[in-house]
Each structure stands twice: as structure tokens, then as C-alpha cells.
Amino acid sequence: MAAIKKDPVDMVIVGFGWTGSLMAMELANSGLRILALERGEQRDTYPDFAYPRNTDELTYGIRLKLFQNASRETVTVRHATADTAMPYRRFGSFLPGDGVGGAGVHWNGMLWRPLEADLKMRSTVTERYGKSFIPPDMTVQDYPFTYAEMEPYFDKFEKICGASGNAGNINGEKIEGGNPFEAPRKNAYPTKAQKRQYGGDLFAQAAQGLGYHPFTLPAAICTESYSNPYGVQLGVCNYCGFCERFGCFNYSKASPQTTVLPALYQHKNFELRTQAQVIRVNTDSTGKKATGVTYIDAQGQEIEQPASIVVLSTFQLNNVRLLLLSKIGKPYDPLTGEGVVGKNYAYQMNGGIKLFFNKQKIFNPFAATGATGVFMDDFNSENFDHGSLGFVGGATISATTTGGRPIQQMSTPSSAPRWGSGWKSAIKDNYLHNMGVGSSGSVMPYKQCYLDLDPTYRDVHGQPLLRMTFDWQQNELKMTNFIKEKAEGIVKAMAPDHYDVGFMGMNAHYDVRPYQSTHTTGGAIMGDNPKNSVVNKYLQSWDVPNVFVLGACCFPQNLAYNPTGIVGATALFAANAIRTQYLGNPGPLVQA
Amino acid sequence: MEKKIETQVPSRRRFLQKTLSLIPLAAAGGSSIVALSAPAAESQGVSDHYVPTYFNNDEWRFILAACDRLIPSDSNGPGAVSEGVPVFIDKQMELPYGFGHLWYMHPPFASAIPELGYQSSLVPRETYRQGIKAINQHCQQQFQQPFASLGHEQQDAILHDLDAGKLTFDNVPGKLLFEQLLENTKEGYLADPLHGGNQTLASWKMIGFPGARADYQDQMNLPNQPYPLGPVSISGKRSV
Ligand SMILES: Cc1cc2nc3c(=O)[nH]c(=O)nc-3n(C[C@H](O)[C@H](O)[C@H](O)COP(=O)(O)OP(=O)(O)OC[C@H]3O[C@@H](n4cnc5c(N)ncnc54)[C@H](O)[C@@H]3O)c2cc1C
Ligand code: SF4
């Protein structure tokens, strides 16, 4: 029992990153008393991300100052149910955020809307190739809403972000320079597309030559002076190279700090408490109603916070863990396939080729945003025929540069020594003169890939860590090998002096060491009934209807794209449903 | 510009040789300080006045010698020692990082397949302490001298064996020490000088990284063109 009990609020928002801040902002005008609890510290552009301190690769990029501290809380990982999970002791593969703004502070800003097929994956694949095309252990599902229903929310999130890009399809009309595969949008991007890197130009030329459709990556990186719908001003990005893993000092990369918080902090009915780690959602004796949350404050005191509505916005992994710790929803059992919390965990499947040119070509990798790149979608999702290929899903292929940080982003040919004078020569000869072509691929969900609580390892507060049971499956390995061939074709057309291929082989296992992406998904998926999902399309818990769960945990499977476009849009969609439907008539918004 | 580097390198190399040759004397004297009698050196790296905070004399001699082999001074410019990398590593040991406070270090510890990542119970401070001791013992047995007193060829051979996982010890896998050392040496050499290494921005200049300039709007309009300015550090150091 918590010793201290605080005054009740109408809505408690747990976790104050992208989704939590959007929810608070969208409801700030409703008059509700809103409290946000954030486990990390308060942070703002000034002084926390101020130039020149922010250009410190060691502190932010390598020692990961802005991220969750693994010593306090991490996950355990194993490849299969028969294995013992080991703690993810030293962060590599993915990097959960911490502090005000969450991962929205140090993300790259690549901003996508899903393709239409991404939202109805199971029905599209079944229609096109027949039911048996989907492997029996693949638990792929449709989203519970249509693209058209979500379009205004994708649009709104792009406007909040001051996003840059070339539209490829406005109201069905294809537009040169954009992504011809994109679903119809009502409006263009609010700011013009980013400048391209030289590597992007070369890639675009080669891809076009092969008949593909390259375009400049859309991004939450503002390229013109811009005021967003909340009245917050964004400045023009100057391609500083310290975007990914860093806070933007220039008010250009969209983050809660640069797009939401200045407006939100004006509202007197909103309160933020930092260093407040929520350890569970409390429910009444029926288990069907949340009464608030319990958190631990900076002094280590356990505090009970009563609330009428609980919003979980603590990032995909933490949300699933909080649901399990709070016993909300039935935990997934991989043996029987029953239960839903923890089900359909997925990640992303990447590959890359490093291209080394002689000194004639200069790529200036330090001049970049977290999202400078040229992409093509020709082999993504259902944009191509899978009939003879035998796999579901696909990947983007791109030339992306996210900075030229010399410690972490140094590339040398595989033949170069790792140390000594030979290494010195290799970094001297290659730092400015190499580029990459990479792929980011979808990952389908499987019966055997899921999340639950670890029986052995605990966090700093003595609570069980989340356990991840995940490995690459044949479907994705086949996919990435197909993509490798395509990417290599483009690379050959670019004629580098030398290239090194880094795609996973058919026997590869998931490896927690190299950074891949923080695009972990699933575990509290959305669906059209309580048997197949944890939340309905408004991200409302089926079991405890005054709990809403925001973030990529609601994705039924992972798409090839970065997640935040859907994450932001669904948070706005949920906020709208709360404002216009739930407040007037609290209870389930979808009848099960 | 080029000329200046040329003239600096030999003097740094001389300093380095002096540093390395003088250390055994200081260490043999039993002083807790690696004291050097040399007059104020030109190098901004490991000065003779630097007193390591974490490492003891034997360890410090190892760090100096090993860093010098991992990133030597050569015709491409100064190496790790004259750029202050050993100082960087010593400072890192006193930060939460050195104590393993950035990693999940709760038991139980067990070995696992490499894909599941770091599973050692050693934190960086202990990896160095136990690893250096083990290597020096090994060198004493094989060559009757600690690592730092060996010739370059012998040192390189030992480093290659560690790197390849061929040399390992009871308390600490040789590969673990090697990875720790190589990672920290590169970090110190390529990081902003505020952390103790890269004191003359020599690595940034050599590769063409402009450091903390952080403003490349115009450069984006000049594909395939060299960036005209040399590097600058967070505190305003320049390389020329
Ligand atoms: C390095 C990196 C690069 C990325 N790049 C991209 C990209 O280019 N494009 C893209 O679409 N996405 C990208 N992402 C992902 C993107 O950042 C996330 O999708 C997005 O931030 C998710 O929003 P969220 O609100 O779910 O979580 P977050 O923004 O992470 O916010 C969650 C907040 O909850 C807090 N919290 C957690 N647990 C608790 C608790 N128990 N009590 C209280 N507070 C808690 C955390 O401290 C955090 O502040 C990237 C992520 C990282 C880390
Ligand atoms: S590259 Fe642009 S958006 Fe990114 S941190 Fe620098 S100024 Fe901000």
C-alpha cells in the first residue's frame, strides 16, 4: 500500500514522450485536470540541447546520455521459449528513451504514413495469393481502421511536426518527385523536401536507370520557417549532423519540445511531475476499472495517484510491461495461443551495403540530418508481386546518411585492419569517400515471438523485467535475401571501387549488439475484438475501458517504415475519440 | 598547414619515446606518481605532470604502451598517446561508465551465445585491472618483462593474439580486455578534446571531420566538393 495518496485528477498520463505530450495537448482545452508522470528528468531545448555542448558524440551518441539507463531497467532476451533469457545488459540493438520528450527528443525524424496494404495485411495477402500463402505460425492481422479514416490524423501529425517532403499522391493524382506508391493524401507536406546528400543523388540516378522510383525521404525535419497548428514556431534545419541520438539545438527537428510543450505549458489545468516512475496501474475490486496509478518519486517514496482515466504512453516495451505488472488483459500463452498481452511482438529487418569510392568522390557525411536520404518503395509491402517469391512483406531500399560521427559512423573496407597504422590510413582514406545503401524491412508476427515477464531478473525497484522471446524467422530471412539482390543491383550500377555486403544470411539469429532500430512493435495490439487484441481502434483497453494504451505496442505487425507516423496519428485519433465520445459517455467505445 | 603537422610529428614522437622510456624508471622508483623529469613537453597529450587517478603505475605503463601500438604516431600524424588518449581512458574510469553504472550489472551472470550480448560480470574498471595484471603476468612468464617493456613486435604479437581470442586468462577473457581497450582508445582519439584525448584535433583533421561546426546548409548545395574549413572543438580549439 502506498503511504502517500495525492489528490485525484481526471486524467493521468504515464510517460511524457511523443504520445503522452500529444494526448495532453489535445485534451488541454477540455478543462480536464491532466497530470503527466514522467520517470526521467525535465528537459528543454535550452539549456539541455544547446550548441555547442550538444555536438558531443561521446556523451550523447556513445554513452547515451539521453536514453533510458540500462542499470535501472532493461529487458531480457532469448531466441526461443526453450532458451533461458539473458539481460540486455549493454544497449545496442534498440535504445528506449527517457525524460521529458522521450525518444521523440533523439529520434531521427524519418516520417512515414503506412501504405494502404500495410493496414490490411492479412486480407490483402489472402486475396492476392490465397490463404495458404501465410505460414501457419504467422499471426498477421488487419488494423481495425482504414487508411481513409486515419488520413486526417496523418495529416495533422505532419503539420504538428512541420514535416518536409515531396507529396507523391494528392487525392489520387500522382506527382513527380514524390513516392508514387504512397496512399492518397489530402495535402502536401507543410515544408519543402530536405536537401539531398551527394550519395542520395548517385543512388537516385542508379535506381532511376534501373526503372525504379526514388524520392527524397519525408521527415519531421523542418526546412522552412514555420508555425504549427499549436502556434509553436520551428526554424530551418541547418544539416548539423547531430540529430540521431541528440536533441536539436536549432528548433528544427520535431520533438515534443519543439512542437507541443511551449503551447501545452500555457494551460493551467495541466501539471507535469518528473522523476515519477509508475510501477503499476491500480484497479478496483472488479478489475474492470482503473482507479489510478502508483509511482515512485525521486526520494524513493511510493505514491498513489487516483485518476478517472489512465493513459499509458511509456513506449511500446514499457506499456506492455505495465499492463502485465498491473494484470490488465489476459497474458499471451504461446503454447495455447490464448491471451493477448505480449502477443505479436515484432521488430525490423535491416540490411546494408557499404560503398567505397576512391578519393575522387567526396560525401561529407557530417553534413546531414538524422533523416537525409533517398528511398525507393518498389519492393516494399504489396507494391510488387510476391506470387513466386514465397514471403510476406518487403523493404525500403535507400541511400541514407544520418551524420558522420567519427566514433560510431566510421566505415572502412572489410579488408582494412582494425588498429595500428593500417587502420589510421584506412580511416583517412575512407571517411569522406564512402556511402551506404541500406534496407529497412517489415517483420511479421509469429506465435513464438512474444513478450512476458522474466522469472529471474528485476529492475531497480525489484519488479520483474520484461522478457522478449524473439528470433528471425524464415519469411523475413527470405525477404531480406531477395532485397539484397535488388540492392546489390543498384550498387553495381553505382560502380564503387569496392563494396561490402551486410545482409543477414538464412541462418542468422537476432543479435542484440549492433544498433538496428528502436522500432519494436506489438505486445498490446489493436484489433476489432477482444479475442485478437488488447485495445480497440481507439487504443482503449477491452478489459479496462478507462485505460488507453498509446504507441507502437498497438501495431499488429511491423511494417518496413519507421513507426512514428502511425504512432502520432493513432494518438491523435484516440485523443479525438476521448474528447468527442468518451468524456460525454464514459465506457467502451467499441462494443465487443 | 601541412607543414606544421610535418614539423610537429617528429617532436611528438620524440616526446612519446621519452615518455615511454622514462616511465619504467619512475615506476621502479616506487613513486605513486608517474613523474618525469623532462621539461614541459610540446605535446598537449599525456604531459609529464599528469597523475593518473584510477590506474596504478604498472597499469599506466601498460595503457601508454598499448595505446601507442593501437594508434601509433606515424606519417599520417600523431597517435593516441601524444593526443592524450591514456588520459581520456583514465578519466573515463572515474565516471559512471567506468563503474559500470550505465549497464545492467545485476546477477545472476551466465555465459550465453554472443548474439545475446555483454554478459560479463566485469565493469570497465575491473576489466582493465584484472586484464592488465593477467597480461603482465603472462609477459613476465614468457619474456621476464612486463608488456610495456617489450619491443614493438612482441607487443603487437600479443595484441594480435588478444584480438583473435588466442590469449585468454582465468579471470578475464583476453578478447574482452582487448575490445575494451580498443573501443576506449578509438573513442578517446576521435572524441571531442573536452574528454581528454584528441588534444590537437589531429584525428579530425586527418579524416576531414569539421568537429563542432554544425552548420552545413551551404555545403549541401555543393555535392562532391570538399568542405573548406578545418575542425573546431566544443571549447573553440582549432587545429591550425
Ligand atoms: C535513436 C532513435 C531513432 C529513432 N528514429 C526514428 C525515426 O527516424 N522515425 C520514426 O518514426 N521513429 C523513430 N524512432 C522511434 C520514435 O522515437 C518512437 O516511435 C516514439 O518516440 C514513440 O513515442 P512514445 O510516446 O510511444 O514513446 P517515447 O517518446 O519514448 O516516450 C515514452 C516516455 O515514457 C517514459 N516512461 C517509460 N516508462 C515509464 C514509467 N514506468 N513511468 C513514467 N514514465 C515512463 C519514458 O521515460 C519516455 O519519456 C527512433 C527512436 C530512437 C530511440
Ligand atoms: S540536423 Fe537539423 S533537425 Fe537535426 S539536429 Fe541539426 S539542425 Fe536540428
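Treat the numbers as computed from the prediction; the structure is a model and nothing was measured.

What counts as what
Residues numbered from 1 in each chain as written. Chains lettered and ligands numbered in written order. Predicted model: local features only at pLDDT ≥ 70, side-chain atom pairs only at ≥ 80, totals over all residues. Heavy atoms only, no water. Helix = DSSP H or I, 4+ residues; strand = E, 2+ residues; numbered from the N terminus. Rg over C-alpha atoms; globule rule 2.2 N^0.38 Å. Buried < 20%, exposed > 50% of the residue type's maximum accessible area, 1.4 Å probe, protein only. Contact = heavy atoms within 4.5 Å. Near = heavy atom within 4 Å. Nonpolar A, V, L, I, M, F, W, Y, C, P; charged D, E, K, R; others polar. Buried area = accessible area lost by both parts, 1.4 Å probe. Salt bridge = Lys/Arg side-chain N within 4 Å of Asp/Glu carboxyl O. Arc of directions from axis to C-beta. Polar contact = N/O pair within 3.5 Å; in protein donor to acceptor, adjacent residues only side chain to side chain. Pairing = 2+ DSSP bridges. Axes fitted to C-alpha atoms, helices over the stretch in contact; angles between N-to-C directions. Core = buried A, V, L, I, M, F, W, Y, C linked by side-chain atoms within 4.5 Å. UniProt positions renumbered as here; feature names shortened; annotations may be inferred. Phe/Tyr/Trp six-rings, centres within 6.5 Å; stacked < 30°, edge-to-face > 60°.

**Some thoughts on the overall build of chain A**
When you go through chain A residue by residue, the secondary structure sums to 13 helices and 22 strands. Compactness check: chain A gives a C-alpha radius of gyration of 23 Å against a globular reference of 25 Å for 592 residues, within 12% of the reference. In terms of its C-alpha atoms, chain A occupies a principal-axis envelope of roughly 70 × 55 × 50 Å. The buried share of chain A, taken over its 592 residues, is 67%. The long-range share in chain A, meaning contacts at least 24 apart out of those at least 6 apart in sequence, stands at 75%.

**Quick notes on the site of ligand 2**
Around ligand 2 sit 13 residues, and of these Cys 237, Cys 240, Phe 242, Cys 243 and Cys 248 of chain A come closest. Grouping the amino acids of the shell around ligand 2 by side-chain chemistry returns 8 nonpolar, 4 polar and 1 charged.

**Looking at the environment of Val 544 of chain A**
Residue and element names in this part refer to chain A. Relative to the assigned elements, Val 544 resides in the loop between strand 21 (498-502) and strand 22 (547-549). Val 544 sits in the buried class, given a relative accessible area of 1%. Taking C-alpha positions, Val 544 is 9.8 Å from Val 310, a pair spaced 234 residues apart along the chain.

**As for the interface of chain A and chain B**
Each side of the interface is counted separately: chain A has 64 residues, and chain B has 70 residues. Summed over both sides, the interface of chain A with chain B buries roughly 5700 Å², with 60% coming from carbon and sulfur. Looking only at chain A, the three residues that lose the most surface to chain B are Arg 89, Trp 419 and Lys 424 of chain A, adding up to 16% of its buried area. Between the two partners, chain A and chain B, sit 5 salt bridges. Here Arg 418 of chain A and Asp 163 of chain B are joined by a salt bridge, their closest N and O atoms 2.8 Å apart. Looking at the side of chain A that touches chain B, the elements with two or more residues in it are helix 3 (57-62), strand 5 (86-87), helix 7 (198-209), helix 11 (420-430) and strand 19 (450-458) of chain A.

**Topic: helix 5 (residues 121-129) of chain A**
All names here are of chain A. When helix 5 is considered as a whole, its buried residues turn out to be Met 121, Thr 124, Val 125 and Tyr 129. For helix 5, the buried positions fall inside an angular range of 95° around the axis, keeping them on one side. Trailing helix 5 by a residue or two, Gly 130 shows a phi angle of about 90°, which is positive.

**A few points about the site of ligand 1**
Residues and elements named next belong to chain A. Near ligand 1, the surroundings consist of 37 residues, among which Thr 19, Glu 38, Gly 99, Met 110 and Thr 564 are the closest. Contact between ligand 1 and Gly 104: an oxygen atom at 3.5 Å from a main-chain N or O atom of the residue. Here a nitrogen atom of ligand 1 sits 2.7 Å away from a polar atom, N or O, in the side chain of Thr 564. Elements represented by at least two residues in the shell around ligand 1 include exactly helix 1 (18-27) and strand 12 (277-283).

**Re the sheet that holds strand 16 (residues 372-376) of chain A**
Residue and element names in this part refer to chain A. Taking strand neighbours across the sheet as the criterion, the 6 strands line up as 8-16-17-18-15-21 in an open arrangement whose pairing is antiparallel. Only two strands of the sheet have a single neighbouring strand rather than two, namely strand 8 (215-216) and strand 21. Note that strand 8 and strand 16 share 2 bridges and pair antiparallel. Its bridge partner being in strand 16, Phe 215 is matched across the sheet by Phe 375. Here helix 7 sits on the sheet and contacts strand 16, strand 17 (395-401) and strand 18 (434-441); the angle it forms with strand 16, its principal contact strand, is near 10°.

**Considerations on the nonpolar core**
Formed by 248 residues in total, the largest nonpolar core has its most connected members in Met 23, Phe 203 and Trp 472 of chain A together with Ile 63 of chain B. A per-element tally of this core places helix 13 (residues 564-582) of chain A first, with 11 residues. Those residues in contact with Trp 472 of chain A that sit more than four places away from it in its chain are Tyr 347, Gln 348, Met 349, Val 443, Leu 477, Met 504, Ala 508, His 509, Tyr 510 and Gln 516 of chain A.

**Quick word on the UniProt feature "domain: Glucose-methanol-choline oxidoreductase C-terminal" (unreviewed entry) in chain A**
Mapped onto this numbering, the UniProt entry annotates "domain: Glucose-methanol-choline oxidoreductase C-terminal" (unreviewed entry) at residues 445-571 of chain A. Along residues 445-571 of chain A the backbone is 23% helical and 18% strand, and the end-to-end C-alpha distance reaches 22 Å.

**Side note on the environment of Asp 161 of chain B**
Residues and elements named next belong to chain B. Within the secondary structure, Asp 161 is located in helix 5 (residues 152-163). A residue is classified by how much of its surface remains accessible, and Asp 161, at 30% relative accessible area, is partly exposed. In contact with Asp 161, other than residues within four places in its own chain, are Lys 166 and Leu 167.

**Notes on the sheet that holds strand 19 of chain A**
Consider a sheet: its strands pair through backbone hydrogen bonds, and that pairing is either parallel or antiparallel. Residues and elements named next belong to chain A. Ordered by their spatial adjacency, 4 strands build an open sheet running 5-4-20-19, and the pairing between neighbours is mixed. Only two strands of the sheet have a single partner each, and these edge strands are strand 5 and strand 19. Two elements, strand 4 (residues 75-78) and strand 5, share 2 bridges in a ladder whose sense is antiparallel. Its bridge partner being in strand 5, Val 77 is matched across the sheet by Met 86.

**Comments concerning the environment of Pro 52 of chain A**
All names here are of chain A. Note on placement: Pro 52 falls in the loop between helix 2 (45-48) and helix 3. A relative accessible area of 25% places Pro 52 in the partly exposed class. As for Pro 52 and Phe 249, which are separated by 197 residues in sequence, their C-alpha atoms are 8.7 Å apart.

**Comments concerning the packing of aromatic side chains**
All names here are of chain A. Summed over the entire model, instances satisfying the criterion amount to 52 aromatic pairs over all chains. Ring centres of Phe 16 and Phe 270 lie 5.6 Å apart, and the angle between their planes is 25°; on these two criteria the pair is classed as stacked. Of this pair, Phe 16 sits in the loop between strand 2 (9-14) and helix 1 while Phe 270 sits in strand 11 (residues 270-273), and the two are 254 residues apart along the sequence. Phe 270 carries the same exposure label as Phe 16, and that label is buried. Judged by centre distance (5.4 Å) and plane angle (35°), the ring pair of Tyr 51 and Phe 249 falls under tilted. Of this pair, Tyr 51 sits in the loop between helix 2 and helix 3 while Phe 249 sits in the loop between strand 10 (233-234) and helix 8 (256-259), and the two are 198 residues apart along the sequence. For Tyr 51, a relative accessible area of 39% gives the class partly exposed. Since its relative accessible area comes to 16%, Phe 249 is described here as buried.

**A short note on the UniProt feature "domain: Glucose-methanol-choline oxidoreductase N-terminal" (unreviewed entry) in chain A**
The feature "domain: Glucose-methanol-choline oxidoreductase N-terminal" (unreviewed entry), as given by UniProt, occupies residues 234-346 of chain A in the numbering adopted here. Overall, residues 234-346 of chain A shows 17% helix and 27% strand. The separation of its end C-alpha atoms is 34 Å.

**A short note on the side chain of Asn 562 of chain A**
Residues and elements named next belong to chain A. Structurally, Asn 562 is set in the loop between strand 22 and helix 13. In this structure the side chain of Asn 562 is engaged in a polar contact, spanning 3.1 Å, whose partner is the side chain of Trp 112. In contact with Asn 562, not counting residues within four places along its chain, are Met 110, Trp 112, Gln 348 and His 519.

**Let's talk about the pattern of salt bridges**
Counted under the stated rule, the structure contains 34 salt bridges over all chains. Across the salt bridge formed by Glu 183 of chain B and Arg 90 of chain A, the nearest N and O atoms sit 2.4 Å from each other. In this pair, Glu 183 of chain B sits in helix 6 (residues 174-190) while Arg 90 of chain A sits in the loop between strand 5 and helix 4 (116-119), so the two residues belong to two different chains. Between Lys 424 of chain A and Asp 74 of chain B there is a salt bridge; the shortest N-O distance is 3.0 Å. Highlighted residues: Lys 424 of chain A in helix 11 and Asp 74 of chain B in the loop between helix 2 (57-70) and helix 3 (85-93), drawn from two different chains. According to the relative accessible area criterion, Lys 424 of chain A is buried, its value standing at 0%.

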